[in-house]
There are 2 protein chains.
Amino acid sequence: MSDLLERLRGRGWRMTAQRRVVAEVLDGDHVHLTADEVHARAVERLPEISRATVYNTLGEMVTLGEVLEVATDGRAKRYDPNAHRPHQHLVCARCGAIRDVHPAGDPLADLPVTERFGFTVSDVEVTYRGICPSCATTA
Amino acid sequence: MSDLLERLRGRGWRMTAQRRVVAEVLDGDHVHLTADEVHARAVERLPEISRATVYNTLGEMVTLGEVLEVATDGRAKRYDPNAHRPHQHLVCARCGAIRDVHPAGDPLADLPVTERFGFTVSDVEVTYRGICPSCATTA
DNA sequence: ATCCTACGATGGACTTTGTCTAAGTCAAGT
DNA sequence: ACTTGACTTAGACAAAGTCCATCGTAGGAT
């Protein structure tokens, strides 16, 4: 069931009720939750879980490469459990809705060596912005 | 001299000492400053300028399309005076240094209609990440 | 099964980044 | 120079996140 949980367990993670709940919340719906949203949902199952623990756990999962951090607006970071399939994000400029998208081509290859200034470029993050269908109809 | 200042004046902006200083600071070095860095530099020239004014002024310049907001990390937004030449950003994952870069091709065209989910896509933001030459040498 | 202990969790203080408001100030048109 | 509405100010407030001292417990050792 919880694929994410299995992967974490396989890495020798010490399993606690708190970590299990955070992993389950993240892996549940495939939406992109903020840390506070994760905390809110975790509290429903484990009322005494603290914010610090949620932040710590999310941070560890990011370090382990099992979860991605996405900063689509200047506000709270969002956490994306879909770390093992490369993808980009499409964000509604009005309501903030986020969809995973898969552009054609490799954006990394589009950056010529002359435009790399000696950097060792290892990653590229692409954020498309627009208006989603439901925001478009409600004027 | 201050191209940015000229453009703002041409739009009927009420010119004040504070706005002039903010525009000059931004247009001076072509680095990507945070709001607080802008404030720190502005204070050197106009000691009584307040943080709120810097935030207001930057926000207005963004609304007018004369300055771009870039959120390369989850931290403070940075302000980019180079709004009239389309470009993307290359960020050092270690020290946070930012360079403007010009990828080949149009990233917007790389998103097939089938991957747009009914969104009206109007903009794309690309952030390349890597290690800059000076961080690479200092282990 | 029980004990130990290092790792994890807790909550509250603290920091950073940004917004808001009420009151004072000033640029620019008349 | 006067007037007025736009601009600025200081400080309170808010949101997002980090830090720390202390307490609790998972899981190996016995």
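We now turn to the structure provided with this report. Every value quoted in this text rests on a predicted model; they were computed, and no experiment measured them. Throughout, residues of each chain are indexed from 1 in the direction in which the sequence is written. Chains and ligands are labelled by the order in which they are written, letters from A for the one and numbers from 1 for the other. Totals for whole chains, interfaces and linings use all residues, but because this is a predicted model, local features are given only for residues with pLDDT of at least 70 and pairs of side-chain atoms are given and counted only at 80 or more. Side-chain measures were taken over the full set of non-hydrogen atoms in the model, leaving aside hydrogen atoms and water.

### Quick notes on the packing of aromatic side chains
For any pair of aromatic rings, geometry is given as the distance between the ring centres together with the angle between the planes. Ring pairs shown here join Phe, Tyr and Trp side chains whose ring centres sit within 6.5 Å, with only the six-membered ring taken for Trp; geometry is labelled stacked below 30 degrees between planes, edge-to-face above 60, and tilted in between. Counted by the stated rule, this structure contains 0 aromatic pairs over all chains. In this scheme, the term charge over a ring applies when either NZ of a lysine or CZ of an arginine sits within 6 Å of the ring centre and within 35 degrees of the ring normal. The side chain of R19(A) reaches across the aromatic face of W13(A), ending 4.2 Å from its centre. A cation over an aromatic ring shows up here: R99(B) above the ring of F117(A), its NZ or CZ 3.7 Å from the ring centre.

### Examining the interface of chain A and chain B
Each partner contributes to the interface: chain A provides 36 residues, whereas chain B provides 36 residues. Two parts placed together each lose some accessible area under a 1.4 Å probe, and adding up what both lose gives the buried area. Together chain A and chain B conceal approximately 3,100 Å² of surface at their shared face, both sides included; 60% is due to carbon and sulfur atoms. On the chain A side of the contact with chain B, F119(A), Y128(A) and R129(A) bury the most area, a combined 21% of that side's loss. Salt bridges are counted wherever a side-chain nitrogen of Lys or Arg sits within 4 Å of a carboxyl oxygen of Asp or Glu. Our count for the chain A to chain B interface comes out at 2 salt bridges. A salt bridge links E125(B) to R129(A); the nearest nitrogen and oxygen atoms lie 3.2 Å apart. Any pair of N or O atoms that falls within 3.5 Å is considered a polar contact. Within protein, one atom must be able to donate a hydrogen and the other to accept it, and sequence-neighbouring residues count only if both atoms are side-chain atoms. On inspection of chain A and its partner chain B, the count reaches 16 residue pairs in polar contact (both at pLDDT 80 or more). Sorting the residues of the side of chain A that touches chain B by element identifies β4 (88-92), β5 (98-101) and β6 (120-131) of chain A as the ones contributing at least two each. Helix and strand definitions follow DSSP, with helices as H or I runs of at least four residues and strands as E runs of at least two, each counted in order from the N terminus. Looking at the side of chain A that touches chain B, the element that brings in the most residues is β6(A), giving 12 residues. Split by residue class, the side of chain A that touches chain B holds 20 nonpolar, 7 polar and 9 charged. Should DSSP find at least two bridges between two strands, the strands are taken to pair. In the sheet, β6(A) pairs with strand β6 (residues 120-131) of chain B via 11 bridges, with the strands oriented antiparallel. We call two residues contacting when some pair of their heavy atoms lies within 4.5 Å. Put simply, Ala, Val, Leu, Ile, Met, Phe, Trp, Tyr, Cys and Pro go in the nonpolar bin, Asp, Glu, Lys and Arg in the charged bin, and everything else, Gly too, in the polar bin.

### Quick look at the environment of T127(A)
Note on placement: T127(A) falls in strand β6. A C-alpha to C-alpha distance of 5.9 Å links T127(A) and L90(A), two positions 37 residues apart in sequence. In contact with T127(A), other than residues within four places in its own chain, are H89(A), V91(A), D123(B), V124(B) and E125(B).

### Examining the relation of the copies chain A and chain B
In summary, the two copies of the chain are related to each other by a rotation about an axis coupled with a shift along it. Least-squares fitting of chain A to chain B yields an RMSD of 0.2 Å, with the transformation described by 0.1 Å of translation along the axis and a rotation of 179°. As the rotation angle and translation indicate, the two copies are arranged about a two-fold axis. Closest approach to the rotation axis among the C-alpha atoms of chain A is made by V126(A), whose C-alpha sits 2.3 Å away. Here 97% of the interface residues in chain A have copies in chain B that are interface residues too; the copies meet face to matching face. Fitting of the copies onto one another was done by least squares over C-alpha atoms, counting residues only where both copies have pLDDT of at least 70.

### A closer look at the protein's contact with DNA strand D
Throughout this document, a residue counts as near a molecule or strand when at least one of its heavy atoms sits within 4 Å of that molecule or strand. The environment of DNA strand D is formed by 18 residues, the closest being R51(A), R14(B), T16(B), E48(B) and T53(B). Near the protein, within 4 Å, the atoms of DNA strand D are sugar or phosphate in 69% of cases. A distance of 2.9 Å separates a phosphate oxygen of DNA strand D from a polar atom in the backbone of E48(B). Within the residue set of the surface near DNA strand D, elements represented by two or more residues are α4 (51-63) of chain A together with α2 (17-27) and α4 (51-63) of chain B.

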